[in-house]
Amino acid sequence: MRTSRRGFLKTLGGVALFSIVPRNVLGNGYIAPSDQLTKGIIGTGGMGRGHVNYGGTRLVAVCDVDKKHLELGKNLVKDKIAAYHDFRDLILDPNVDIVHIATPPHWHGIMSVEAAKAGKDIWCEKPMTRTIGEGKRVMEAMKQYGRMFRLNTWFRFTDQFYGLGTPVKPLKKLVQSGMLGWPLKVTISKHTGFDWKFYWVGKEYLEPQSVPSELDYDMWLGPAPYKPYNPHRVHQTFRGYWDYDGGGLGDMGQHYIDPVQYILGKDETSPVKVEVDAPQQHPDAVGTWRSITYTYDDGCQIVLWGGDFGDPNTPYIAGPKGNVYKNFVCDIPDWEKKLADYPEPEPQVTDFIECVKTRQPFALNERNGFRSATIVNMGATALRLNRTLNFDPVKLEFIDDEAANRLLDQPMRAPWNI
């Protein structure tokens, strides 16, 4: 069938354009593969400033609702750069190719979707989103607008993986070989080399205080419910409040759990059950917990132990045929010699700048990142309700639990929506 001129122009003006080609390909702003990409950072507190020097990009814009943070952001580079108070202005800046989102998590979903609508590619800090529903919307937006997305936790493909003392690749190879047997149980705790940072807890009563003149507190809250200002709610200690994050679980969950999801081959699914052993959580302030246990439909488990809870002798990976302990100690005789005969894991695409240029998905993108964020958010939901929850990994909803499903898509304060 021939396409009419009107139909062709209609397609060019709509979403279909962005699902095929990257931004600016048809205009004078076309970015040749050899050219350097530009970046804008939203949120120039500690995280945003700390990640400014990634290679392959040039910082051209910063944004923050705190004037002091914004000044620090403007001084990140010697050149004069654009400085914005409202993230929407940065997103619409035609000089920005990549939007780096380094805000508290309650903003991640909205900003990712809006950046995708504006034709930008996205580099987002963890956790990917604060709720499962927001994560679904981010996935949909990346597909709808044809954008590249990177979630900024890198342990599935580089660096020493905390207490294991090894990159993740050898762990993946060992599990993939079948030498440990199946199903497997992975325990993430201080005993196996992972600290859940229980100093990220909230205070159950905060004395209302005057908002400092440099901070636009209403914009900082954005979609979150209005609560009177107290400095413990914002900046470095925001993680202790459910409205913005999920304590140590929200802070470290994707760092610790995403590689496990990869090791177990669970990038396309989610656990079917989550169980918690914890004190009753305060409705506003995040508390501590003893354990969170996730179970997949094949019997594999991920177990999180908080603080000093649990048996110090428990292996990191426990299998029917063998175990792996902290510092990558395995109790299978001659396991290293045997493992050498097995194939290496599939290579991963780990250069995000090349992904932006070639439109090839990054190793940790909106799809597998959504699945590891879902594990974190399943745990947060179970903690807030203090009960076992069953989950449908296809429908992406809790089974026969209305209260849990209300936490999938939480109301946003007007005028914000996703």
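Residues numbered from 1 in each chain as written. Predicted model: local features only at pLDDT ≥ 70, side-chain atom pairs only at ≥ 80, totals over all residues. Heavy atoms only, no water.

As recorded in an unreviewed UniProt entry, the protein goes by Gfo/Idh/MocA family oxidoreductase and comes from Parabacteroides acidifaciens.

Peer 1: Pulling in residues and values, what's your account of the UniProt feature "domain: Gfo/Idh/MocA-like oxidoreductase bacterial type C-terminal" (unreviewed entry) in the protein?
Peer 2: In this numbering, the UniProt entry assigns the feature "domain: Gfo/Idh/MocA-like oxidoreductase bacterial type C-terminal" (unreviewed entry) to residues 164–418. This span, residues 164–418, is 27% helix and 13% strand, and a straight line between its end C-alpha atoms measures 39 Å. (UniProt positions renumbered as here; feature names shortened; annotations may be inferred. Helix = DSSP H or I, 4+ residues; strand = E, 2+ residues; numbered from the N terminus.)

Peer 1: Which residues make up the side chain of Asn230, and what values do they have?
Peer 2: Tracing the sequence through the fold places Asn230 in the loop between α9 (217–221) and α10 (247–263). Within polar-contact distance, the side chain of Asn230 engages the backbone nitrogen of His232 at 2.9 Å. Beyond its immediate stretch of four places on either side in the chain, Asn230 contacts Leu206, Glu207 and Gln209. (Polar contact = N/O pair within 3.5 Å; in protein donor to acceptor, adjacent residues only side chain to side chain. Contact = heavy atoms within 4.5 Å.)

Peer 1: I'd love a proper account of the environment of Val356, names of residues and values included.
Peer 2: Note that Val356 resides in helix α12 (residues 352–358). Sequence spacing of Val356 and Thr295 is 61 residues, and the spatial spacing of their C-alpha atoms is 36 Å. Apart from the residues lying within four places of it in its own chain, the contact partners of Val356 are Leu37, Ile98, Asp121 and Met148.

Peer 1: Quick rundown of the UniProt feature "domain: Gfo/Idh/MocA-like oxidoreductase N-terminal" (unreviewed entry) in the protein? Include the residues and the values.
Peer 2: The positions UniProt marks with the feature "domain: Gfo/Idh/MocA-like oxidoreductase N-terminal" (unreviewed entry) are residues 40–151. As annotated, residues 40–151 comprises 38% helix and 21% strand, and the C-alpha atoms at either end are separated by 16 Å.

Peer 1: I'd like to hear about unusual backbone geometry, residue by residue, with values.
Peer 2: With an omega of -10°, the peptide bond between Lys126 and Pro127 qualifies as cis. Tracing the backbone shows Pro127 in the loop between β5 (121–124) and α7 (132–145). The linkage connecting Trp182 with the following residue, Pro183, adopts the cis geometry, with an omega of 0°. Take Pro183: it is sitting in the loop between α8 (168–177) and β7 (185–188).

Peer 1: Before we move on, could you go through the pattern of salt bridges and cite the residues and values that matter?
Peer 2: Counted by the stated rule, this structure contains 25 salt bridges. A salt bridge links Asp308 to Lys190, with the nearest nitrogen and oxygen atoms 3.3 Å apart. Of this pair, Asp308 sits in the loop between β10 (301–305) and β11 (317–318) while Lys190 sits in the loop between β7 and α9, and the two are 118 residues apart along the sequence. You can call Asp308 exposed: its relative accessible area is 57%. Note that Glu366 is salt-bridged to Arg367, the shortest N-O span being 3.0 Å. Taking relative accessible area as the criterion, Arg367 reaches 43% and is therefore assigned partly exposed. One salt-bridge network, held together by shared partners, links Lys126, Lys197, Arg239, Asp245 and Asp251. (Salt bridge = Lys/Arg side-chain N within 4 Å of Asp/Glu carboxyl O. Buried < 20%, exposed > 50% of the residue type's maximum accessible area, 1.4 Å probe, protein only.)

Peer 1: So what's going on with the packing of α8 against α10? Residues and values would help.
Peer 2: Following both chains from N to C, one finds α8 and α10 inclined at 35°, their axes separated by 9 Å at the closest point. Crossing hand, α8 versus α10: right-handed. Facing α8, whose interface residues are Val168, Leu171, Lys172 and Val175, α10 presents Pro259, Tyr262 and Ile263. Taken together, the residues that form the contact of α8 with α10 break down as six nonpolar, no polar and one charged. (Axes fitted to C-alpha atoms, helices over the stretch in contact; angles between N-to-C directions. Left-handed = near helix turned anticlockwise from the far one by under 90°. Nonpolar A, V, L, I, M, F, W, Y, C, P; charged D, E, K, R; others polar.)

Peer 1: Which residues make up the sheet that holds β10, and what values do they have?
Peer 2: Taking strand neighbours across the sheet as the criterion, the nine strands line up as β13-β12-β11-β7-β10-β9-β8-β14-β15 in an open arrangement whose pairing is mixed. Strands at the two margins of the open sheet, each flanked by one partner only, are β13 (329–330) and β15 (397–398). Sheet analysis places strand β9 (residues 291–295) next to β10, joined by five bridges and oriented antiparallel. Each residue of the ladder has a partner; that of Thr293, found in β10, is Val303. Where helix α13 (residues 366–385) meets the sheet, its contacts fall on β8 (273–277), β9, β10, β14 (389–392) and β15, and the angle it forms with β8 comes to roughly 50°. (Pairing = 2+ DSSP bridges.)

Peer 1: Explain helix α6 (residues 108–117) residue by residue, including any values.
Peer 2: Counted residue by residue, α6 has eight buried out of ten residues, so it is predominantly covered. Looking at α6, one finds that the buried residues are His108, Gly109, Ile110, Met111, Ser112, Val113, Ala115 and Ala116. Residues of α6 that are buried in the fold lie against β1 (37–42), α5 (87–91), β4 (98–101), β5, α7 and β6 (149–151). Trailing α6 by a residue or two, Gly119 shows a phi angle of about 80°, which is positive.

Peer 1: So what's going on with the pairing of β8? Residues and values would help.
Peer 2: Burial of β8 is one-sided: the residues Val274 and Val276 facing one way are buried, the residues Lys273, Glu275 and Asp277 facing the other way are not. Both β8 and β9 contribute to a ladder of five bridges, which runs antiparallel. Residue pairing for β9: Val274 is matched across the bridge by Tyr294.

Peer 1: For the packing of aromatic side chains, give the residues involved together with the corresponding values.
Peer 2: In total, this model carries 28 aromatic pairs according to the counting rule given. Taking the centre distance of 5.7 Å and the plane angle of 50° together, the rings of Tyr162 and Phe194 count as tilted. With a gap of 32 residues between them, Tyr162 in the loop between β6 and α8 and Phe194 in the loop between β7 and α9 connect regions that are remote in the sequence. The exposure class assigned to Phe194 is buried, which follows from its relative accessible area of 1%. Aromatic rings pair up to connect Trp154, Phe155, Phe161, Tyr162, Phe194, Trp196, Phe198, Tyr256, Trp289 and Tyr316 into one cluster. When the ring centre of Trp123 is taken as origin, the NZ or CZ atom of Lys39, which lies over that ring, is 5.8 Å away. Above the ring of Tyr262, the side-chain terminus of Lys172 is found at 4.7 Å from the ring centroid. (Phe/Tyr/Trp six-rings, centres within 6.5 Å; stacked < 30°, edge-to-face > 60°. Lys NZ or Arg CZ within 6 Å of the ring centre and 35° of its normal.)

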